[in-house]
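Residue-level listing of the chains:
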Amino acid sequence: MTASTTMTIRVSPEVKQKLDRIATDTRRSKSFLAGEAVAAYVERELEIIEGIKRGMADAAAGRVVPHDEAMAELYGVIGAAEAKRAGKA
């Protein structure tokens with residue numbers, strides 16, 4: 001069994017009721033489900049924060065694409081996808 005620690009959180013009565021339902025339906029404890037939810041949230045948020053930091057570092061180092069070039073590339077991809085879809089219709 002992996003090590004764990006205890007944490008107390010506050011949730012609205014509605015969230016608690018929904019968690020109760022999920023726990024009952026999945027035959028998992030509320031603690032297990034809450035722990036899984038927090039772990040998933042933490043991982044997702046860390047990925048977002050790290051991506052922002054990488055982007056800021058790229059911008060600071062001058063590794064950027066001018067807006068007009070980026071938009072031209074996006075419009076090109078969109079146009080190609082639309083043309084492909086229209087050809088298959």
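Please read these numbers as outputs of a predicted model, since none were measured by experiment.

Asker: With reference to specific residues and values, describe the overall build of the protein.
Answerer: In terms of regular secondary structure, the protein is built from 3 helices and 0 strands. In sequence order, the protein lays out its α and β elements as α-α-α. Computed over C-alpha atoms, the radius of gyration of the protein comes to 23 Å, more than 25% over the 12 Å expected from 2.2 N^0.38 for 89 residues, which places it beyond the range of a compact globule. Dimensions of the protein, computed from the C-alpha atoms along their principal axes, are close to 50 × 45 × 30 Å. Per-residue burial over the protein gives 2% buried out of 89 residues. A total of about 8300 Å² of accessible surface is found on the protein, and carbon and sulfur atoms cover 60% of it. For the protein, the distance from the average position of its 14 positive side-chain charges to the average position of its 13 negative side-chain charges is 9 Å.

Asker: Could you give me a rundown of unusual backbone geometry, with the residues and numbers involved?
Answerer: The phi torsion at arginine 27 lies on the positive side, around 55°, for a residue other than glycine. Note on placement: arginine 27 falls in the loop between α1 (13-26) and α2 (30-60). Judged by relative accessible area, arginine 27 falls into the exposed class, the value being 79%.

Asker: Which residues make up the pattern of salt bridges, and what values do they have?
Answerer: The final tally for this structure, using the stated rule, is 4 salt bridges. Ionic pairing is found between lysine 16 and aspartate 20, a salt bridge with its closest N-O pair at 3.4 Å. Separated by 4 residues within a single helix, lysine 16 and aspartate 20 lie in helix α1, roughly one turn from each other. Of the residues examined, aspartate 20 reaches a relative accessible area of 24% and is grouped as partly exposed. Residues participating in the shared-partner salt-bridge network are Lys16, Asp20 and Lys30.

Asker: Give a description of helix α3 (residues 67-88) that names residues and reports values.
Answerer: An ideal rise of 1.5 Å per residue puts 32 Å on 22 residues; α3 measures up with 32 Å between its terminal C-alpha atoms. With respect to burial, α3 is a largely exposed element, only 0 of its 22 residues being buried.

Asker: Talk me through a nonpolar patch on the surface; I want residue IDs and the actual numbers.
Answerer: A surface patch of nonpolar side chains, amounting to about 790 Å² of accessible area, comprises Met7, Ile9, Val11, Val15, Val38, Tyr41, Val42, Leu46 and Ile49. Of the residues forming the nonpolar patch, the biggest block, 5 residues, is contributed by α2.

Criteria and cut-off values
- Residues numbered from 1 in each chain as written.
- Predicted model: local features only at pLDDT ≥ 70, side-chain atom pairs only at ≥ 80, totals over all residues.
- Heavy atoms only, no water.
- Helix = DSSP H or I, 4+ residues; strand = E, 2+ residues; numbered from the N terminus.
- Rg over C-alpha atoms; globule rule 2.2 N^0.38 Å.
- Buried < 20%, exposed > 50% of the residue type's maximum accessible area, 1.4 Å probe, protein only.
- Areas by Shrake-Rupley, 256 points an atom, 1.4 Å probe, with all protein chains shown as cover.
- Lys, Arg positive; Asp, Glu negative; His and termini not counted.
- Charge placed at Lys NZ, Arg CZ, Asp CG, Glu CD.
- Salt bridge = Lys/Arg side-chain N within 4 Å of Asp/Glu carboxyl O.
- Expected span 1.5 Å × (residues − 1).
- Patch = residues over 30% accessible without salt bridge, like charges linked within 9 Å, V, L, I, M, F, W, Y side chains within 5 Å.

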